[in-house]
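So you can see what is in the structure, the chains are spelled out below.
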Amino acid sequence: MTKKRQNWDSKLGFILAASGSAIGLGNIVFFSSNAYQYGGGAFYIPYFIALFVLGMPIMMLEFGLGSTTRKSLPMAMREYTGRKGEFIGWWSVMAALFITMYYIAILGWAFTMMIGSFGSLFEPGITAPFTPFTEPTPEPNAMVYFFNTIATWQPLLFIVLLWLINLTILRTGTESIEKAVRVFVPTMWIFMIILVIRGLTLDGGFDGVMYLFTPDFEGISDPSVWRGAFSQMFFSLSLGMGTMTAYASYLPRDADQVNNSMLVSFLNCSFEFLAGIAIFSLLFVFALNPAGTTLSLSFFVIPQGINELSSTPWVVRLFGFLFYLLIVMAGITSSISLIESPASALMDKFKISRRRALTFIAVPAMIGSCLFALPQIIDPNLSGNGTLGLTLLDLTDHWVFNYSLLIVGFVEVLLVGWIFGAENLRQALNEHAKLKIGRWFVVLVKYLIPLILLVVIVTSLMSDWPLYGSAYDMPGYTWLPVFIPIFFLVVSLSIAFMLTQKKNRT
Amino acid sequence: MRATSSVLMVLVCLLVLSQGVSAQIELEPLKPTKGEVVSVTVEPPTDSLLLVYRPNSAVAREEWVVSDQADGHFEWTPSDAGVVAMAAGGQARNVSVRFAGVSESGIFVMVLAFCLLFGGASFAFRLLFSDPEAGKHTQELDVSHRPDT
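Residues numbered from 1 in each chain as written. Chains lettered and ligands numbered in written order. Predicted model: local features only at pLDDT ≥ 70, side-chain atom pairs only at ≥ 80, totals over all residues. Heavy atoms only, no water.

Draft legend 1. Looking closely at the side chain of A:Ser117. In this fold, A:Ser117 is placed in the loop between helix H5 (83-116) and helix H6 (142-150). Ignoring sequence-local partners within four residues, the contact set of A:Ser117 consists of A:Phe122, A:Arg317, A:Gly320, A:Phe321 and A:Tyr324. (Helix = DSSP H or I, 4+ residues; strand = E, 2+ residues; numbered from the N terminus. Contact = heavy atoms within 4.5 Å.)

Here you go:
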């Protein structure tokens, strides 16, 4: 029996889509933050080991699952490993859906900042003193602007707009995705190169680059450096979310997935390399500290550096606009893959139309995105630290993004490695690969990767003990750190179980 | 994509400190270089100055500079290049210490990483387009194809 399935129009289209999926918000600032915290150039040692030992092999596995079965992750896992595999696949897809909700909420904030670039957000040399969260001053300042703006209804409007953009891009599947990434991905590279050039031409910019790459080996012996590198690689390459399998399922079965994995991984890490140069040169020149979260770096710290780029207001605003446009585009190319993962899974399982699958996903997820932005709007006092506002996002991100993806990855690798057989997968990949993979792949998939992921998960749990977020001072919401992980686990596992039990439509 | 609030708070404090009261710690020269003496003046005067190299990192390193003068004047010779957080008498600011010349190890790591990443990408791109016919077959799904389970 045969069933028509969409295909990418070209190999380049697939590569742009998959690399666009991998290059997201985190790539732009998170690598810089990690490199700064873990010894600059020395961080490249665990980073490259993580790339070759964990990143590329799991990507080969996920691409291989997609292209050999031509199915999305849950159905591909079912075909190779049975029902338990399908259950893990659905759990992974549910995690992707949860991530999409708050990811698009953050994108909505970035969109608000982008629009703010035309107004008072960027002014040359602005470093106005203020007391954060409690007494925002009227002076234009990125942090004040951010907290004032997310307390308005504007972000909701942009969240809905971003959802509409995502759905428009996904409306005809690979055809419309390919059209979008052919514009977005090269533009992202061009913008990043512009930021690199500007950073390097600043007085002292090259010292910033040297600061990024000069190794400090003192930190290498710290286990948290290695844990940071391995988890960063896992998240950076968008593994464990079913996105790569969904995209690869639209490739012909004779596609070279070994080379595709290498190319997408190298492109992703090359983008991080450039982003590191752009951010370090900028922050070094103005003595700004690159240690921080994606949120704090993107919305508070980097805008300060941009304000110092020129004494000409329109130049500062142009760079501010380019920076946030870059963030929005990187976010969209990732969010479309996050939505495509559950959409293709529903289409495969229930044989429903793309339009219906997207509706099933978009309605609850759009409401979820709005719910993440809503607390700050309803009560502006919640838009600070240690309140329900950002803490809700922080806790969800911590449990959904950090843990569920790693656990899914761990079980996925175990099931494929031991039930389907790592050797079978190696042979299937090598069948169409120009660069054949050796038996090391079997050792990695069966033993080393599960061991590494297990160590990362266990040590992360230990470092979170007694419970992540329980130290936050949140009067009235002290139950939140317990509620969030339980809520996510119950909801995602129940839906995954229910979907696994449903009969496949043919 | 973490939004760790504790880190955020530390960052906020640093930002506030570095922006709000930066005028209280003066440097000469304004852009110090590794190994070259920097003249630091703290107002109001204090007897010690705390320097944290690579603040907020796993490899942060502290250094105290003590002055026996009562005018809050310090002589400091940066032992490392990079971002340094300065704190004295409840005041703080960040400063970027430049490299004295070119960092050979930095250049080495940069070139190595560049060659590995962009070289790897170029190699894979060449391989991708080396056979224009590959990857164009098997458009139909054949469910009988199941690798040996």
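Draft legend 2. Seen up close, the packing of H6(A) against helix H13 (residues 294-307) of chain A. Residue and element names in this part refer to chain A. Axis separation between H6 and H13 bottoms out at 8 Å; the angle between their running directions is 145°. In terms of crossing hand, the pair formed by H6 and H13 is right-handed. The residues of H13 that touch H6, namely those facing Ala-142, Met-143, Phe-146 and Phe-147, are Phe-299, Phe-300 and Pro-303. Per-class residue counts for the contact of H6 with H13 are seven nonpolar, no polar and no charged. (Axes fitted to C-alpha atoms, helices over the stretch in contact; angles between N-to-C directions. Left-handed = near helix turned anticlockwise from the far one by under 90°. Nonpolar A, V, L, I, M, F, W, Y, C, P; charged D, E, K, R; others polar.)

Draft legend 3. Quick peek at the sheet that holds strand S5 (residues 73-76) of chain B. All names here are of chain B. In spatial order, the strands read S1-S2-S5; together these three strands make up an open sheet with antiparallel pairing. Across the chains shown, the open sheet's two edge strands, defined by having one partner strand only, are strand S1 (25-28) and S5. Averaged over all neighbouring strand pairs, the angle between strand axes comes to 25°, with direction disregarded. Inspection of the sheet shows strand S2 (residues 38-42) paired to S5 by four bridges, in the antiparallel sense. Looking at S5, one finds that Ser-39 is bridged to Glu-75. (Pairing = 2+ DSSP bridges.)

Draft legend 4. Here's a closer look at the pairing of strand S3 (residues 48-53) of chain B. All names here are of chain B. With five of its six residues buried, S3 lies for the most part within the structure. Judged from the six bridges that link them, S3 and strand S4 (residues 61-66) form a sheet pairing that is antiparallel. Within S4, the residue paired with Leu-49 across the bridge is Val-65. Here four bridges tie S3 to strand S6 (residues 82-88), and the two strands are oriented antiparallel to one another. Residue Leu-50 lies in a different strand from S6, and its bridge partner there is Ala-87. (Buried < 20%, exposed > 50% of the residue type's maximum accessible area, 1.4 Å probe, protein only.)

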